[in-house]
Amino acid sequence: MHAEDPGKLVAGNRYLHRDAVARLEQALRSEIWEAEAIANASHWNVVKLNTIGLKRISLLTYEDFERPFPALLESITVNLENQTAVRRSYRARVNPPVLHRKELLLPADHPRLEEFSELTMGLERIGLLRETSSIGTRRAWDERMREAGVKIVGHTIELLDEPLSKPDATIQRHLAAIRRDGLSSPIQSLIRYGLINEETTVFDYGCGFGSDIEGLQTAGISAAGWDPYYAPDQPREPANVVNLGFVLNVIETPAERQDVLRSAFALAQRCLAVAVITSSRARTETCRPYGDGHVTRRGTFQKFYRPVELKEFIESTLGREAFPAGPGLFFIFADPLSEQSYLLSRQTRRSVPAVSAAARRKEARDAAFEALRPDLEAIAAVATELGRWPAVVELPQEILNRLAAANTSAAKAISLASSLSDPEVLDEVAQQRQEDIAVYLALNQFNRRKNYRDLPERLQRDVRALFQNFTMAQATARDLLFSLADSERLCAAAEATASEGLGYLDEEHNYWVSTELTPRLPAVLRCFAGCAEKYAGGFDEMQLIKFHLRTGKLTGFRYADFELSPLPCLEVRTKVDLRRQRISDFDHHGEDQRLLLKSRFMATDQTGFKRQKRFDAQATEIGLDGLGIRATGTEIALAAETAGLVLSGWSWVPVAFR
């Protein structure tokens, strides 16, 4: 296919109206007619052609192009290699996909091309076609037009009688600030990932009442902040870590959001944390549309971001990679070494065992050894944490001071400490650490940072001690990446992990597990999940993932009230095809699809496991396990009523006692 070919190019696919097919070269036209014969379909009006060599053609049926934004009615995807066709109907959907810029699909001599193009140009002038990923369905597009205060009559843009984007009162930004008893979620995450400690300076940009500053200072951490309303006279000074927590979402002007983001990042010496309220946690029932967000009853503005949208906004504004760290939370690094340390920490298994109680302890041969025992045990504990014996610079200064006072060199103390360690425990930790580094380096391929000198010093020492050199470490990481194509190895890892009570392996060799448990998985599964997360832009809002072990795919599931409900309701499903590098999003709002037997995907030490296990045992007794994974709330209720039961909280009770 050539660049001058007609059609609309989107993500490696070219879309053309049926009238434009005659402009294609003969070979392509023949493939289209072959696909039509395989599908036994002749009523389509748009064809989707793959431009990267895959032998697939989709025949799409849209509403009449006389409509300004035709809705998709049906799609048939034809595989020309194996002569198969997959049909999907959208006719019964209340929120089907809709088509924008339809003039791009038409031939150059179409009689209404100019009329359709003028509509698109008008929409572009008023900014309605920005962020196109959020307007792909009928409801989303109608909402976008209502927010802008416009309607489409024929192919002409007209103003609504009462535009919904004009509030009755001035935006009261300062009312969005809240008082907290504890630290905010972004500050807690920064502490959890080791980005804030006793030696870190922190600046809270948009600090509100200053609750985070007070909490950090109480903990002995140097913290300051500025707020345009509550602390306008405080200086805006550089700090190791800058927190921009729940600020961008209360600014009603997109340009000002960019200015604030740049100003906050300019102060960050190591890391900037950006947190917002996400669309999945939004409550808009009492809000009024305004601009690209909403005005609340209190007169504050709220922009509810989708995670991908926020990531794109940050990266396009700062020109830096934004790393997801939680729902609506991203870290952006000004310092490359801090960035690498953080990335490594994300791939570190969190099940490092403590020093074994059965560790061999030799009897001291002299009083000097006994006097040093507490420090030697501390050194052995450091070794167990690292998976290797520490370098002198990695020992706490207070230990070095006591060793110097005892006229004992640090090197000798490290040697003596080896008699207090358990070699089996140390080997186990070393193996885990090797896996952590292999996963980190494998996923680091996506970040385009591979030089040994760019790694933090601790990681350089890890590489030398555990892999001999960086070349061998990289080779191990490449082998790990290549192993993702080995379905047998993936299945073996999943079977072993499921047999230990971590996750669930179904009969079709799909492995299901709570996203909270992914850090505990074997290296090959963590790498699998990490690659999928890279392609999808993060799975931090997903509570459950499904490894398609035989086909190289991974699906993330987001549920409403996952922790609070025994039968969480599915909202969104994202499928990542690693082999074909494709991402598919599925909206399940309104389908009432429930997750059955949730305890199968949990670990016994997770919060709420015992309660969920009791509920699932009762559900199994009444036969709900036979409903499958796509059962709706209505189907579950009917099955329970057949058994004379009804759901009451976290248990099933007889109907008579409801």
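What you are looking at is a predicted structure, and each value in this text was computed from that prediction instead of being measured. Position numbers for residues start from 1 in each chain and track the written sequence from start to end. Confidence filtering applies because this is a predicted model: local features only for residues at pLDDT of at least 70, side-chain atom pairs given and counted only at 80 or more, and all residues used for totals across whole chains, interfaces and linings. Side-chain metrics rest on all non-hydrogen atoms present in the structure, leaving aside hydrogens and water.

Enquirer: Account for the overall build of the protein, naming residues and giving values.
Expert: A count of helices and strands for the protein gives 18 helices and 25 strands. Across the 658 residues that make up the protein, the buried fraction comes to 48%. Sequence-distant contacts, at least 24 apart, represent 60% of the contacts inside the protein between residues at least 6 apart. Approximately 33,000 Å² of the protein is accessible, and the part contributed by carbon and sulfur atoms is 49%. Secondary structure follows DSSP: runs of H or I at least 4 residues long count as helices, runs of E at least 2 residues long count as strands, and numbering of each begins at the N terminus. Here's how the labels work: a residue is buried when its accessible area is under 20% of the maximum for its type, exposed when over 50%, partly exposed in between, all with a 1.4 Å probe on protein chains only. Between two residues, a contact is recorded if the distance between any of their heavy atoms is within 4.5 Å. Here, Shrake-Rupley sampling with a 1.4 Å probe gives the accessible areas, and only protein chains in the shown set may cover a residue.

Enquirer: Tell me what's going on with the sheet that holds strand 14 (residues 293-295), and back it up with residues and numbers.
Expert: As summarised here, the arrangement of the three strands in space is 13-14-15, forming an open sheet in which the pairing is antiparallel. Taken across any chain shown, the strands that pair with only one partner, and hence form the sheet edges, are strand 13 (288-290) and strand 15 (301-302). Across three bridges, strand 13 lies against strand 14 in antiparallel orientation. In the strand pairing of strand 14, proline 289 is matched with histidine 294. Here, strands pair whenever DSSP counts at least two bridges between them.

Enquirer: Summarise the nonpolar core; cite the residues concerned and give the values.
Expert: Among buried residues, those of type Ala, Val, Leu, Ile, Met, Phe, Trp, Tyr and Cys that are joined through side-chain atoms within 4.5 Å constitute a nonpolar core. Counting residues in each nonpolar core, the largest one holds 70 residues, and the members touching the most others are Leu190, Phe331, Tyr342, Tyr511, Leu525 and Phe547. Here the element with the most residues in this core is helix 16 (residues 523-536); it accounts for nine residues. Ranked by size, the runner-up nonpolar core spans 26 residues in total, among them Tyr205, Ala239, Phe265 and Val276.

Enquirer: Hey, could you go over the sheet that holds strand 6 (residues 84-89) for me, with residue numbers and the actual values?
Expert: Spatially, six strands are ordered 1-2-3-4-5-6 in an open sheet, and the strand pairing comes out antiparallel. What marks the edges here is a single partner per strand, and that holds for strand 1 (8-10) and strand 6. Averaged over neighbouring strand pairs, the angle between their axes works out to 20° when direction is ignored. Fitted lines through C-alpha atoms give the axes, limited to the stretch in contact for helices. The angle between two N-to-C directions lies from 0 to 180 degrees. Helix 1 (residues 26-39) rests against strand 3 (46-50), strand 4 (56-62), strand 5 (72-79) and strand 6 of the sheet, and its axis sits at about 70° to strand 4.

Enquirer: Summarise helix 4 (residues 185-192); cite the residues concerned and give the values.
Expert: Of all the positions in helix 4, only Pro186, Ile187, Ser189 and Leu190 are classed as buried. Projection of helix 4 onto a plane perpendicular to its axis shows the buried side chains occupying an angular sector of 160°, all on one side. Phi turns positive, to about 75°, at glycine 194, one or two residues after helix 4. The arc refers to the directions leading from the helix axis to the C-beta atoms.

Enquirer: Give me the lowdown on the state of the cysteines, citing residues and values where you can.
Expert: When two cysteine sulfur atoms lie within 2.5 Å, the pair is treated as a disulfide. Taken as a whole, this structure holds zero disulfides when the rule is applied. Counting only cysteine sulfurs, cysteine 531 is the nearest neighbor of cysteine 527, a cysteine outside any disulfide, at a range of 4.3 Å. Owing to a relative accessible area of 0%, cysteine 527 belongs among the buried residues under this scheme. A relative accessible area of 4% means that cysteine 531 is categorised as buried.

Enquirer: Summarise the packing of aromatic side chains; cite the residues concerned and give the values.
Expert: Two rings belonging to Phe, Tyr or Trp (six-membered ring only in the last case) form a pair when the distance between their centres is within 6.5 Å. Interplanar angles under 30 degrees mark stacking, angles over 60 mark edge-to-face geometry, and anything in between is tilted. Across all of its chains, the model carries 21 aromatic pairs by this definition. Ring plane angle 85° and centroid distance 6.2 Å describe the contact between tyrosine 193 and phenylalanine 331, whose orientation is recorded as edge-to-face. You can see tyrosine 193 sitting in the loop between helix 4 and strand 9 (201-205) and its partner phenylalanine 331 sitting in strand 17 (residues 329-333), a full 138 residues away along the chain. Summarising the aromatic geometry, the rings of phenylalanine 333 and tyrosine 342 are spaced 5.3 Å apart at their centres and angled 35° between planes, so their arrangement reads as tilted. The buried category is assigned to phenylalanine 333, whose relative accessible area is 1%. Take tyrosine 342: its relative accessible area is 1%, and that puts it in the buried class. Site record: aromatic cluster; members linked through ring pairs are Tyr504, Trp512, Phe557, Tyr559, Phe562 and Phe601. Here the basic side chain of arginine 18 rests over the ring of tryptophan 44, its NZ or CZ set 4.2 Å away from the ring centre. Each ring is checked for a lysine NZ or an arginine CZ that lies within 6 Å of its centre and within 35 degrees of its normal; such an atom marks a charge sitting over the ring. Directly above the ring of tryptophan 226 sits arginine 236, whose terminal nitrogen or CZ lies 4.1 Å from the centroid.

Enquirer: Account for the confidence of the model for the protein, naming residues and giving values.
Expert: Taken over all residues, the pLDDT of the protein has a mean of 82, while the share at 70 or more is 88%. Low confidence marks residues 162-169, where pLDDT is under 50. Its contacts with residues over four positions away, or in another chain, come to 17 contacts. A low-confidence stretch, residues 350-366 (pLDDT under 50), is modelled with 33 contacts involving residues beyond four sequence positions or located in other chains. You can read pLDDT as the predictor saying how much it trusts each residue, on a scale of 0 to 100.

Enquirer: Break down unusual backbone geometry for me, citing the residues and quoting the values.
Expert: For glutamine 83, which is not glycine, the phi dihedral falls at a positive 60°. Tracing the backbone through its elements, the reader meets glutamine 83 in the loop between strand 5 and strand 6. In this structure glutamine 83 comes out as partly exposed when scored by relative accessible area, which is 44%.

Enquirer: Tell me about the packing of helix 12 (residues 423-444) against helix 16, and name the residues and values.
Expert: Between helix 12 and helix 16, the least distance of the axes is 10 Å, while the angle of their chain directions is 25°. Comparing the axis directions of helix 12 and helix 16 gives the class roughly parallel. The chirality of how helix 12 crosses helix 16 is right-handed. Counted together, Glu435, Asp436, Val439, Ala442 and Leu443 of helix 12 and Ala523, Arg526, Cys527, Gly530, Cys531 and Lys534 of helix 16 form the full contact between these two elements. By residue class, the composition of the contact of helix 12 with helix 16 is six nonpolar, one polar and four charged. Should an angle lie under 35 degrees it is considered roughly parallel, over 145 roughly antiparallel, and from 65 to 115 roughly perpendicular; all remaining angles are considered oblique. When the near helix sits turned anticlockwise from the far one by under a right angle, the crossing is termed left-handed; a clockwise turn instead gives a right-handed crossing. Gly is placed with the polar residues, together with every amino acid not listed as nonpolar (Ala, Val, Leu, Ile, Met, Phe, Trp, Tyr, Cys and Pro) or charged (Asp, Glu, Lys and Arg).

Enquirer: Describe the side chain of asparagine 243, with residues and values.
Expert: Along the chain, asparagine 243 falls in strand 11 (residues 239-245). Its relative accessible area of 2% is what places asparagine 243 among the buried residues.

Enquirer: Could you give an account of the pattern of salt bridges, naming the residues involved and the relevant values?
Expert: The working definition used for a salt bridge is a side-chain nitrogen of Lys or Arg within 4 Å of a carboxyl oxygen of Asp or Glu. Tallied over the entire structure, the rule returns 24 salt bridges. Arginine 458 is paired through a salt bridge with aspartate 462; the nearest N and O atoms lie 3.9 Å apart. Of this pair, arginine 458 and aspartate 462 both sit in helix 13 (residues 457-467), four residues apart, which is roughly one turn of the helix. A relative accessible area of 33% means that arginine 458 is categorised as partly exposed. A salt bridge links arginine 594 to aspartate 592; the shortest N-O distance between them is 2.8 Å. Here arginine 594 falls in the partly exposed class, since its relative accessible area comes to 24%. Take aspartate 592: its relative accessible area is 24%, and that puts it in the partly exposed class. Through salt bridges with shared partners, one network takes in Arg388, Glu394, Arg433, Arg458, Arg461 and Asp462.

Enquirer: Tell me about the pairing of strand 16 (residues 322-326), residues and numbers included.
Expert: Along a regular strand, successive side chains alternate from one face of the sheet to the other. Buried residues dominate strand 16, accounting for five of its five residues. In this sheet, strand 17 lies alongside strand 16 in antiparallel orientation, the contact comprising four bridges. Residue proline 324 lies in a different strand from strand 17, and its bridge partner there is phenylalanine 330. With antiparallel pairing between neighbouring strands as the criterion, strand 16 and strand 17 make up a hairpin whose turn holds two residues, including glycine 328 at a positive phi of roughly 70°.

Enquirer: Give me the lowdown on the environment of proline 68, citing residues and values where you can.
Expert: With respect to the helices, strands and loops of the structure, proline 68 is situated in the loop between strand 4 and strand 5. Residues within four places of proline 68 in sequence aside, it is in contact with Leu99, Lys102, Leu119, Ile152, Gly154 and His155.

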